[in-house]
Structures are given as structure tokens and as C-alpha cells.
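An overview of the molecular structure
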Number of protein chains: 2
Amino acid sequence: MKQVVVGLDIGGTNTAIGIVDKAGNVLYEKKPQLPTPQKKENPDARLDVSEKLVGDFIKLITSEIRVAIENVRKDIPDIEVMGIGIGAPFANYYDGTIGITANLPFVTVVPLTGLIQAKLPEFSIIKVTNDANAAALGEMIYGGAIGMNNFVMITLGTGLGSGIIVNGDLVYGHDGLAGELGHVTVVPDGRPCGCGSLGHLETYCSATGIRRTVFELLAKYNNNESPLANIAFNDLTSKMVFEAAVQNDPIALEVFEYTGEILGRSLADTVHYLSPEAIFLFGGPVAAGELLFAPTKKSMDHYLLPFYKNKIKLLPSKLKTGTAAIVGASALVWKELDKRR
Amino acid sequence: MKQVVVGLDIGGTNTAIGIVDKAGNVLYEKKPQLPTPQKKENPDARLDVSEKLVGDFIKLITSEIRVAIENVRKDIPDIEVMGIGIGAPFANYYDGTIGITANLPFVTVVPLTGLIQAKLPEFSIIKVTNDANAAALGEMIYGGAIGMNNFVMITLGTGLGSGIIVNGDLVYGHDGLAGELGHVTVVPDGRPCGCGSLGHLETYCSATGIRRTVFELLAKYNNNESPLANIAFNDLTSKMVFEAAVQNDPIALEVFEYTGEILGRSLADTVHYLSPEAIFLFGGPVAAGELLFAPTKKSMDHYLLPFYKNKIKLLPSKLKTGTAAIVGASALVWKELDKRR
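Remember, predicted model here, so these are calculated numbers, not experimental data.

**Comments concerning the overall build of chain A**
When its secondary structure is counted, chain A shows nine helices and 13 strands. Computed over its C-alpha atoms, the radius of gyration of chain A comes to 21 Å, within 12% of the 20 Å expected for a compact globule of 341 residues. Across its three principal axes, chain A shows a C-alpha extent of roughly 60 × 50 × 40 Å. In chain A, which comprises 341 residues, the share counted as buried stands at 51%.

**Some points on the sheet that holds strand β12 (residues 278-283) of chain B**
All names here are of chain B. Overall, mixed pairing links the five strands, which are arranged β11-β10-β9-β12-β13 in an open sheet. Two strands lie at the open edges of the sheet, namely β11 (169-170) and β13 (313-316), each paired on one side alone. Note: strand β10 (residues 160-166) against β11, two bridges, orientation antiparallel. Paired with Ile165 across the two strands is Leu170, which belongs to β11.

**Quick notes on the relation of the copies chain B and chain A**
Between chain B and chain A, the superposition needs a rotation of 180° and an axial shift of 0.0 Å, giving an RMSD of 0.0 Å. A rotation of that kind, with that shift, is consistent with a two-fold axis. In this assembly, 100% of the residues forming the interface of chain B have copies in chain A that are likewise at the interface, indicating an isologous arrangement.

**So, the pairing of strand β2 (residues 14-21) of chain A**
Residue and element names in this part refer to chain A. Counting buried positions over the eight residues of β2 gives six, a clear majority of the element. Direction of pairing for strand β1 (residues 2-10) relative to β2: antiparallel, over a ladder of seven bridges. Paired with Asp9 across the bridge in β2 is Ala16. Linking β1 to β2, which pair antiparallel, is a turn of three residues. Bridge count between β2 and strand β4 (residues 34-35): two bridges; the pairing is antiparallel. Counted as the bridge partner of Thr15 is Leu34 from β4. Counting the residues that bridge the hairpin from β2 to strand β3 (residues 26-29) gives four residues, and of these Gly24 lies at a positive phi of roughly 90°.

**With respect to the sheet that holds strand β11 (residues 169-170) of chain A**
Residues and elements named next belong to chain A. The mixed open sheet is built from five strands, whose spatial order is β11-β10-β9-β12-β13. Edge positions in the sheet fall to β11 and β13 (313-316), since each of these pairs with one other strand and no more. As defined by bridge partners, strand β12 (residues 278-283) adjoins β13 across four bridges and the pair is classed as parallel. By the bridge assignment for β13, Leu281 is matched with Pro316. In the packing of helix α3 (residues 131-142) onto the sheet, contacts are made with β9 (151-156), β10 (160-166), β11 and β12, and the angle to β10 comes to roughly 50°.

**Details of the domain arrangement of chain A**
Residue and element names in this part refer to chain A. Per the domain assignment, the segments making up chain A are domain 1 (2-141 + 322-340) and domain 2 (147-316). The distance between the C-alpha centroids of domain 1 and domain 2 comes to 27 Å. Counting residues at the interface gives 15 residues for domain 1, matched by 15 residues for domain 2. The greatest single-element share of the side of domain 1 that touches domain 2, amounting to eight residues, is contributed by α3.

**Considerations on helix α6 (residues 238-246) of chain A**
All names here are of chain A. Three or more residues of α6 are buried, namely Ser238, Val241, Phe242, Ala244 and Ala245. Take α6 and look down its axis: the buried residues cluster within an arc of 165°, on one side only. On its buried side, α6 packs onto α5 (207-221), α7 (250-274) and α8 (290-303). Downstream of α6 by one or two residues, Asn248 has phi in the positive range, about 65°.

**Some remarks on the environment of B:Leu60**
When you line up the elements, B:Leu60 lands in helix α1 (residues 47-75). Taking the C-alpha atoms as reference, B:Leu60 lies 30 Å from B:Gly143; in sequence the two are 83 residues apart.

**Quick look at the interface of chain B and chain A**
With 32 residues of chain B at the contact, the number on the chain A side is 32 residues. Per-element tally for the side of chain B that touches chain A: the top contributor is helix α7 (residues 250-274) of chain B, with five residues. Here the residues of the side of chain B that touches chain A sort into 16 nonpolar, 10 polar and six charged.

Rules behind the numbers
- Each chain carries its own residue numbering, running from 1 in the written order of its sequence.
- A letter from A marks each chain and a number from 1 marks each ligand, given out in the order of writing.
- In keeping with the model being predicted, local features are shown solely for residues with a pLDDT of at least 70 and side-chain atom pairs are shown and tallied solely at 80 or more, while totals for entire chains, interfaces and linings include all residues.
- The numbering of helices and of strands both runs from the N terminus, where a helix is a DSSP run of H or I of at least 4 residues and a strand a run of E of at least 2.
- In this setup the radius of gyration rests on C-alpha atoms only. A globule is expected at 2.2 Å times the number of residues raised to 0.38.
- For every residue, the other C-beta atoms within 10 Å of its own C-beta are counted; 20 or more classify it as buried, 12 or fewer as exposed, and values in between as partly exposed. C-beta atoms are placed from the backbone.
- The pairing criterion is simple: DSSP has to find at least two bridges between the two strands.
- Least squares is used to superpose the copies, and the fit set is the C-alpha atoms of residues whose pLDDT is at least 70 in both copies.
- Residue pairs are scored as contacts if the distance between their C-beta atoms, which are placed from the backbone, is within 7 Å.
- Helix axes are fitted to C-alpha atoms over the stretch in contact, other axes to C-alpha atoms as well, and angles between N-to-C directions run from 0 to 180 degrees.
- Boundary definitions for the domains trace back to an automatic or database domain assignment.
- Throughout, the arc means that of the directions going from the helix axis to the C-beta atoms.
- Following the grouping adopted for this structure description, the nonpolar residues are Ala, Val, Leu, Ile, Met, Phe, Trp, Tyr, Cys and Pro, the charged ones are Asp, Glu, Lys and Arg, and the polar ones are all others, Gly among them.

Okay, here's the thing in C-alpha cells:
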């Protein structure tokens, strides 16, 4: 029997489903991805609409999980499906729910794993956590953190997420929602954050934060020669900033210096909290390589207590961008099997 | 047989030794406390002087441990001594060493538990950690955190220390030195910290930080009517600030507001990292009660993500100030026995 697990990632726009083996190979991936229910489908936040959206969504994903398993079984008849791992926004590992979040149109807490369990009673392991926690487990089980018992995963995307591993296990904390490093204050009274507070790490160092820095610097220097001055706010990607920096555009270069300065200072705080062996960065901006890593590492070492200087590894994630979400989610199941052993 | 443990606390000035039972009762305490070797005894940081100081100190404490045990045995002949728990600055739980620190005259890393073990080979458990970690264990085993699996202990003294409990165990991290919350940055480019960096939490919210705020505000307002204006920097204690605040002194009241604002913001960060059930405060400034707790709680809730608002308990430590160091250190041994069970 070849053991495999289902990896499910509920993103803001799309939901990905795949089948993953113990080595992290994706044996099947649903293409195109499924649509995640959108806020615009429930603009008045009506409870009855929300309930229907939840019901339809659960039907869709459970039926697609069956399709996925059957697809793999065609090629490998003797697979044993060990469980379903799910990454989802604002997910609570302890009770299997996803909370009310700006990213989804559901107006009540959704008992996600319970609803899936009811449709797929044959699975004894159905676990959910947020995508950054899933990525941390993915890094530990398939990626660059194999053998590490204390490390931190930072995901740089629309927001900034994190997964904290202490003593070989994810830190969920008392309420199941630990690891919200995107919402630590790095600049008191700084940039407004989506959560309502000011100066949070994700307002500076997420992919979106980097975009904000670009436009802040264009405005500051009134710079019309930068290639970035020809790109609209909504069109700008981390990749474009990277490409401009490679061309020695001073705005783009300063963006990475500034991002690295703030991220590195915050990661020094992270080290003072947790004394990790390594910190992994994941997401679009990581493709900038040393342009991002060099100033971040320099800043981190600058702010670290002497004992820690030059000791903490700052590494790019080894998870593949395309399948990381599925692979990370699937890792939840292997971790659970490991705990029960 | 009545099981007891030895609690040893190596402070900057004095070293305390006591015998503690399973309920946290101190059955014996060495009075007066032993002198901790001082920097002035080794002003030129000479290796040979350092080695002699270490050797003499180990002889002194091991002989006093024997005296302490014999003293208790006189009253309770059938005690079983389960081990020695030690709180010490810059101590590494994993390897039993204390690092080179500004508080001690030793110029090399001291293999503390090994040296004690050599003199007292009959003990199978000799463990060391820093005083804030020891206090966290003390709170969990004897104090207000009984039954809690996720909480944070903050000690407000000359510096600001912390002990983090996740999943019922202390977070030591990869290098054994996690939980240095005194050295997270709360005001970028803020007050100089003893460690060489700027704007660290302990420069604002330790007992020393509170004193700095008093003098900053006296200077700012050029206030000569405050009772605090008649006290020299070196003479000012948290208690005096508390007493002035009770008398409605505007400087003292603003000091607590300011301290609470910064501490609360930093504790919100702590919650976003760790999702603790509670945060305990310990140390001299805690005696100010609501004068400190009210602005801290208000600020923490202000900065917390909506999900956490009004959910996190902010509590005074239940450890008694006088014996907390011994009692906290002793908790290390009970925790170790618990792990081995």
C-alpha cells in the first residue's frame, strides 16, 4: 500500500486540491482550481445566503476530493488515503473551524472539518490550520527544515503570515491562533493595517507592504525616471520591483533596503522570543534573493543580542511556490500520524 | 518520605539557597544570603582570578546546600531530596552553563551544573535556567498558572525578563536562551539599552525603565513640585513612584500611563506571537496594582487583533516576592521529574 494524503488549500480567490505522497510529491492536482466563495456573492452579509454558500462549497470540495482520489487510484490502485489536511484563513486547529474573516463571505464561524467529516465519514484525520502554519509543517516534513525542532516560517504575500515550530511542534497557543507575526507593531503609529491598527509588520514587509514602500518613495523623491513610476498601484508586483533593482533603479534598491531593515529588526525580536535555529522566508518577494536577504540579515544581526549575532540562519523556503499550499496542508496529516504513533 | 528540592538563585548581589516542598513551602532558607562574586573582585577580567572565584563560589554553595539539607533533616528526618534547581543570569538549560554576562566576574562560560554535580554526585537532577524562566515554572507549579498550558511570565526588575510556556513546557528554543522579551524593540531608535541596542522593552518598562521615565518627565515639564523632584536618581524606587501616584502627583500618574501604553503594546505583540491564556507580571512595580495594570490592559486590548480583545488575562504573579527566586528555581526539579515520569 502506498500511503497518500489529501491537501486542500482554501485561498481568498481559489481553492486548491491535491493528493500528496510521503515524500511531498503531488500525484494529482485539480486544474483549474475551484472557486472560493466570494464576498460579492453575499454583499449584504445575509445569514441564509452564507449558509447556502457554505453548503454548496462543502459539497463541491468533498465531491472533488473523491474525484482526486479516484484519479490517483487509476494509476496506483493500492493507495491508502491517510487523511485530509486543510489550509484556510483564520482557521482554528483545535476545533476545526474557520472564523469570520474579511477574505470569505461566511457570516458565522464555519465548523469546517466537521462538515467535511459528515460528507466523508471514512476519514479519521481531517485537520485544518492557517496557510502559514501549514507552510511551516510543509517545510519541516518535506523542505529545508527537516530535522529542525525550533524554527519560524514567514510567508510574504498579500499579508504576512507565520508559523512557529517549538520543540518539533507547531505553536497554536491557548486559542489555536498563535503566530500572527504580521500583526506585531514595528513602527508605532505607522501605516494603517487591514486589521484596524497601525504600523504592523505586514504593512511594511508583505508583498503589499513592499508595494506601499515603492509608492511612498516615488512620492517622497518625486521620481519620474524610475521604471516603477510607469506602473499603476494595482499592477505592481514584487517581480517588477526586483527587475528594477537589478537595473540599479535607486527607488527599487531603497525599497529592498527599507524592507530588509524593518523585517530584520522584527526577526531579531522573533529570535529574542523564540531562539529558533532558522527563519525561513516564503512567497513572491523571496525571488529577489540577496536583494532582500542581504539587508534583512544585516539588520537582523544588527539588532540581535551579541550572543545570537551571525548564528541564526535566514533561509529561503524550499517549498515550490506552485504547490506549496497543497503540500503544506497535506503535511498536517503526516504530523498528526506522527503524534499518534 | 517527604520529597523536597533545593532551590538556588544566583542574583547579581546575593545568592539565595532554600529547601522547598512540593506545595511550594520554603522549609529552610539560608540567612543572611550568600554573596555572589562581584565584578570588582576581578577588575582586570583575569582568567586565573575568574577561575579561583568560580572554584570558591562552587565550594561555598555546595557546602551550604549540605548545611541546608541537614537543617531540614533535624526537623523532618525522612526527607528525600529530589534535586537542585538553579536560577542564574544568562543560564543555558540545555548544557547547564552560565554564559559571560555583565552581572558576574567570570570571564569564561561556567559549566555550573557539572561543577556542582562533581561536588554533590548523589543528585541525579541538577538543572539551571534564568530567573525569569524559573519564575514561570514557579507560577505554573505553585502559583496562579496551575493548570495553564500556555502563558507568559514577565519579570520587572533591574531588567525585564520573561519565561514563555507553550504546551505546558518552557520554551528554551534552539540555543536554550529563548524568552528575552526585555530585548524586543518597542521604540525604534529609542532609549539606549544595556545590551548596546536602542529602544528595547526593558529600557521603558523594567523598574529601571520606570525610573528613567520619571526623570525624563521631570526634565520635560521642568516640574519642581512633584515629590519625585526631591529624590536622587539612585535613590528612586518603584514604591516611591507608586506613593506619589496615590497622592495624585501628575508626573507619577503620567509615568504609569506611559509605562502601561508601551508595555501593553508589547504584550499585544506577545499575544500575536503565542496566543497565551494569560500574562503574569512579577516584580516591584507590580505592587502599584491598577495604577500599572489598568493602562497596560487598556493598551494591550487596543493593540490586539479583534479576535483577542478582552480575552487575554493580565494577572499579578502569585509568587511571594521574598521567596519567589528560590521557589521558582526549585520548580525546575519538579518539572524535570514530571517530564521523566
